[in-house]
Amino acid sequence: TYRIYYGNSSASLPAASDTLGAQNVWNSNYLAVYHMNDSSGAIADSTANGNDGTANGDPTYQQTGKVGQTINFDGTGDYFDLFNPYSGENAATFQAWINTDSTSEDRDVLTNWGGTDENFYTWYDIGNTRMQTIWKGTSTDINLNGSDISTNTWIHYVTTYERNASAYQYQDSTQTASETVGDE
């Protein structure tokens, strides 16, 4: 049985410990899942891990999203501080629905940059007019350049990395970049 509750304002969420509750839906392979349907303050992690994010700037909550509600980041200092999901992992996947109203400047999407930890950086790069991801290892940076994007259009963006294998980037289910990855 599948139950879909998007757009059903009279539906109620099951308790976190129920069979379909947050503690059981997202298994331990999911370090964090953010639905972006929060009404204010922190952004809640839907897994049992409790990796909630802290709001910075003045994001606008409960906006119409691709699926349900979302949070609007206006490009002037709005972001959420999150934990470092990439540190020490041999594989990682990040995905987001993105809808930008401007391609006239760089726009960060997911970043964990700086310091000595392994890092990643995903952004819309105005210089290349496309989504771009860098997975930064200890010896080699993996640079994935995706396809052009349009304003005011939802795109589903996915980037994935596996040590000693490959890194990939997808836009709307189409692979837009790949690179072989060594033992970083």
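## Section: the sheet that holds strand S12 (residues 174–180)
Part 1: In space, the four strands of this open sheet follow the order S5-S10-S11-S12, with antiparallel pairing throughout. At either end of the open sheet lies a strand with only one pairing partner, and these are strand S5 (91–98) and S12. The mean angle between the axes of side-by-side strands here comes to 10°, regardless of whether they run parallel or antiparallel.
Part 2: One ladder, built from six bridges, connects strand S11 (residues 166–171) with S12; its direction is antiparallel. Across the sheet, serine 166 pairs through a bridge with threonine 180, a residue of S12.

## Topic: unusual backbone geometry
Part 1: Even without being a glycine, asparagine 152 presents a positive backbone phi close to 55°.
Part 2: One can find asparagine 152 in the loop between strand S9 (141–145) and strand S10 (155–162).

## Some thoughts on the nonpolar core
Part 1: In terms of nonpolar packing, the biggest core is built from six residues, these being Ile142, Leu144, Tyr161, Ala167, Ala177 and Val181.
Part 2: Beyond its immediate stretch of four places on either side in the chain, valine 181 contacts Ile142, Tyr161, Glu162, Arg163, Asn164, Ala165, Ser166 and Ala167.

## Details of the packing of aromatic side chains
Part 1: Tallied over the full model, the rule gives two aromatic pairs.
Part 2: Here phenylalanine 73 and phenylalanine 80 contribute two aromatic rings whose centre-to-centre distance is 5.7 Å and whose plane-to-plane angle is 85°, an arrangement assigned as edge-to-face.
Part 3: Taking the relative accessible area as the measure of exposure, phenylalanine 80 reaches 13% and is therefore buried.

## Notes on the pairing of S10
Part 1: Taking burial as the measure, the eight residues of S10 include seven buried ones, the bulk of the element.
Part 2: Where S10 folds back on S11, the antiparallel hairpin that results is connected by three residues, among which asparagine 164 adopts a positive phi of roughly 65°.

## Let's talk about the environment of valine 109
Part 1: As for its position among the elements, valine 109 is in strand S6 (residues 107–112).
Part 2: In the structure, valine 109 is positioned 13 residues away from alanine 96 in sequence and 8.4 Å away in space, judged by C-alpha atoms.

## A closer look at the pairing of strand S3 (residues 69–72)
Part 1: As defined by bridge partners, strand S2 (residues 60–64) adjoins S3 across three bridges and the pair is classed as antiparallel. Bridging across to S3, glutamine 63 finds its partner in threonine 70.
Part 2: The turn linking S2 back onto S3 is made up of four residues, and glycine 68 within it adopts a positive phi angle of 75°.

## A word on the confidence of the model for the chain
Part 1: On average, residues of the chain score 76 in pLDDT, and 68% of them are at 70 or above.
Part 2: Summarising per-element confidence for the chain, the mean pLDDT is lowest in helix H1 (residues 22–25) (62) and highest in S2 (91).

Cut-offs and rules
Residues numbered from 1 in each chain as written. Predicted model: local features only at pLDDT ≥ 70, side-chain atom pairs only at ≥ 80, totals over all residues. Heavy atoms only, no water. Pairing = 2+ DSSP bridges. Helix = DSSP H or I, 4+ residues; strand = E, 2+ residues; numbered from the N terminus. Axes fitted to C-alpha atoms, helices over the stretch in contact; angles between N-to-C directions. Core = buried A, V, L, I, M, F, W, Y, C linked by side-chain atoms within 4.5 Å. Buried < 20%, exposed > 50% of the residue type's maximum accessible area, 1.4 Å probe, protein only. Contact = heavy atoms within 4.5 Å. Phe/Tyr/Trp six-rings, centres within 6.5 Å; stacked < 30°, edge-to-face > 60°. pLDDT = per-residue confidence, 0-100.

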